[in-house]
Amino acid sequence: MNKYIRVKVSGKNSNYFINKLISKNILYSNLCIFSKYIEFDLDRKNYLKLIDIKTSYDISIVSYLGIYKYLFFFIRYVYIFLFIILGIGINIFLSRIVFSIEVVHSNSKIRELVYSDLEKFGIKKYSFKVSYSKKEKIIEEILKLEKSDIEWMEIEEVGCKYIVKVEQRKINSLDDECNCRHIIAKKDAMITSIFSSSGEVVKKKYDYVKKGDILISGFIYNKDKIMAKRCSVGQVLGEVWYKVNLEVPKEYVEEKFTGRKSNRLEFIFLNSNFNKYNNYKVKRIGIFNSKLFDIGLFFSTYLETSIIHKTYSLFSLDEEYFSIAISRLKDRVGDNIRVISKNVLKKEEKKGKIIVEVFIKVEEDITDYLDITNIEINNEE
């Protein structure tokens, strides 16, 4: 006999009830007799016969067996299964949509140009992702269309985001829009190298210059008289000195974002979540959330983090402080510097912190510009 339902019958004189089952031709198996109740298995057909018996005995279902067990489980949790299926379906649908497009280039005109071209070819925010072959064809078409401005282009897919990398075409001739100007010093420095393709170089290597000093002149002279003006073109690198003051706690803990992230539609049940990052922060937008049943459907963004834990003292290696000082300096002046030398000037412990003064020599671009378009050269001597 197929086993579908295990039944419990409570009441006095269990033998009487068993005889009643036999008289009603109700088939059962796995009979267990206890002091105050009995349990046995029967199929659905015999269960229906059983519940039709008029009796004072208390009849209840203990469990479902065989296929009924899985059918009952499905019926009981049908809404959860529907949410899971719906969540997977929405996740698949959303994973094929572009939620963000970022063009990586320092020139705003190039960025706007690429955004416009991408939209022409159907790549825009909230549009469906394109296949690899179509993406390569779009890149080819844009490079043909903008051949005078764009040298190279790549579209990288990161989750639901397109990151577009662009390289601008370099033109050897002077920029027609370049105004008449001097090249001047951006800050106090010692010149380490100087390059010029237009203009008169008035300073040389190893000269010490002050902020605002003219390095490459835009004036054209005839003896001592200024005859005309032009656009000075060049670059000047200089050695610049910095002092960086650090206050470092003895116990240093920092949580940094690694830049890696993942976006997904997430079904959470009883506070469960599945994430590939060991350390992370999560941002969630609720689509459906029930506190009563502790379930929810969310659009989640997981941001990977790394935990930095260090202990500092007066005896810590200077290289550790140099690393922090250079990082702080780059935050101030930018990444485009080359460290020439570095030295710790002072190191002391004060109020639970390590106070460090670091001296750093760097080579950096000190090129700046002074517009001379409105200067009347007839009055210059």
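Conventions we followed
Each chain carries its own residue numbering, running from 1 in the written order of its sequence. Per-residue local features of the predicted model are confined to residues with pLDDT of at least 70, and side-chain atom pairs are confined, for both listing and counting, to 80 or more; whole-chain, interface and lining totals are unaffected and use all residues. Heavy atoms from the whole structure form the basis of all side-chain values; hydrogens and water molecules are not counted. Helix and strand labels come from DSSP, where a helix needs a run of H or I of at least four residues and a strand needs a run of E of at least two; each type is numbered from the N terminus. The buried label applies to any residue whose accessible area, calculated with a 1.4 Å probe on protein chains only, is under 20% of its type's maximum; exposed applies above 50%, and partly exposed to all values in between. Two residues qualify as a contact provided that any one of their heavy atoms is within 4.5 Å of a heavy atom in the partner residue. DSSP calls a pair of strands paired once it identifies at least 2 bridges connecting them. Axis lines are fitted to C-alpha atoms, over the contacting stretch for helices. Their N-to-C directions set the angle, which ranges from 0 to 180 degrees. Take the buried Ala, Val, Leu, Ile, Met, Phe, Trp, Tyr and Cys residues and link them wherever side-chain atoms come within 4.5 Å; each set so joined is a nonpolar core. For every residue, the predictor states its confidence as a pLDDT score lying anywhere from 0 to 100. To be clear, the arc concerns the directions from the helix axis to the C-beta atoms. Two N or O atoms form a polar contact when they lie within 3.5 Å of each other; inside protein one atom must be a possible hydrogen donor and the other a possible acceptor, and for residues adjacent in sequence the pair counts only when both atoms belong to side chains. Each patch is built from residues lacking any salt bridge and having more than 30% relative accessible area; the joining distance is 9 Å for like charges and 5 Å for nonpolar side chains (Val, Leu, Ile, Met, Phe, Trp, Tyr). The accessible surface values rely on the Shrake-Rupley method and a 1.4 Å probe; as for residues, cover is taken only from the protein chains in view. We define a salt bridge as a side-chain nitrogen of Lys or Arg found within 4 Å of a carboxyl oxygen belonging to Asp or Glu. Lys and Arg are tallied as positive, Asp and Glu as negative. Neither His nor the chain termini are counted. We put the charge of a Lys on NZ, of an Arg on CZ, of an Asp on CG and of a Glu on CD.

**Overview of the overall build of the chain**
- Regarding its fold elements, the chain presents seven helices and 21 strands.
- Taking all 381 residues of the chain together, the buried fraction comes to 32%.
- Counting only contacts in the chain whose residues sit at least 6 apart along the sequence, the fraction spanning at least 24 positions is 66%.

**Here we look at the sheet that holds strand β9 (residues 189–198)**
- The five strands lie next to each other as β11-β9-β15-β20-β19, forming an open sheet whose pairing is antiparallel. The outermost strands of the open sheet, each flanked by one partner alone, are β11 (208–209) and β19 (337–350).
- Contacts between helix α7 (residues 318–333) and the sheet are confined to β15 (233–249), β19 and β20 (353–365), with β15 contributing the most and set at about 125° to the helix.

**Description of the pairing of β15**
- Bridge count for β9 against β15 is seven bridges, and the pairing is antiparallel. Bridge pairing links Ser193 to Leu237 in β15.
- In terms of strand pairing, β15 meets β20 through 13 bridges, oriented antiparallel. Each residue of the ladder has a partner; that of Val240, found in β20, is Val362.

**Some words on the nonpolar core**
- Grouped together as the largest cluster of nonpolar side chains are 28 residues, with contacts concentrated most on Leu215, Leu246 and Ile360.
- Mapped onto this core, the elements with two or more residues apiece are β8 (181–185), β9, β12 (214–217), β15, α7, β19 and β20.

**Points about the confidence of the model for the chain**
- Looking at the chain as a whole, its pLDDT mean stands at 81, while 88% of the residues score no less than 70.
- Between the elements of the chain, mean pLDDT differs from a low of 67, seen in helix α3 (residues 67–76), to a high of 94, seen in β11.
- Segment residues 172–176: pLDDT under 50, and two contacts once partners within four positions in sequence are set aside and those in other chains are kept.

**Remarks on helix α1 (residues 14–23)**
- Residues of α1 that are buried: Ser14, Phe17, Ile18, Lys20 and Leu21. With its buried residues spanning 155° around the axis, α1 presents them on a single face. In this structure, α1 carries Ile22 and Ser23 as exposed residues pointing more than 90 degrees from its buried face.
- At its buried positions, α1 is contacted by β1 (5–10), β2 (29–33), β3 (37–42), α2 (44–51) and β4 (58–64).

**Structural notes on the environment of Glu39**
- You can see Glu39 is positioned in strand β3.
- Separated by 29 residues in the primary sequence, Glu39 and Ser10 have C-alpha atoms spaced 8.9 Å apart.
- For Glu39, the residues in contact, after removing those within four places along its chain, are Arg6, Val7, Lys8, Asn30, Leu31, Cys32, Phe34 and Val62.
- Here the side chain of Glu39 touches Arg6 through a polar contact of 3.2 Å, side chain to side chain.

**Digging into a positive patch on the surface**
- Taken together, Lys243, Lys346, Lys350 and Lys351 make up a surface patch of like positive charges.
- Secondary-structure assignment places Lys243 in strand β15.

**Notes on a nonpolar patch on the surface**
- Together, Ile84, Ile88 and Ile92 line one region of the surface with nonpolar side chains, adding up to about 240 Å² of accessible area.
- Among the secondary structure elements, Ile88 is positioned in helix α4 (residues 78–95).

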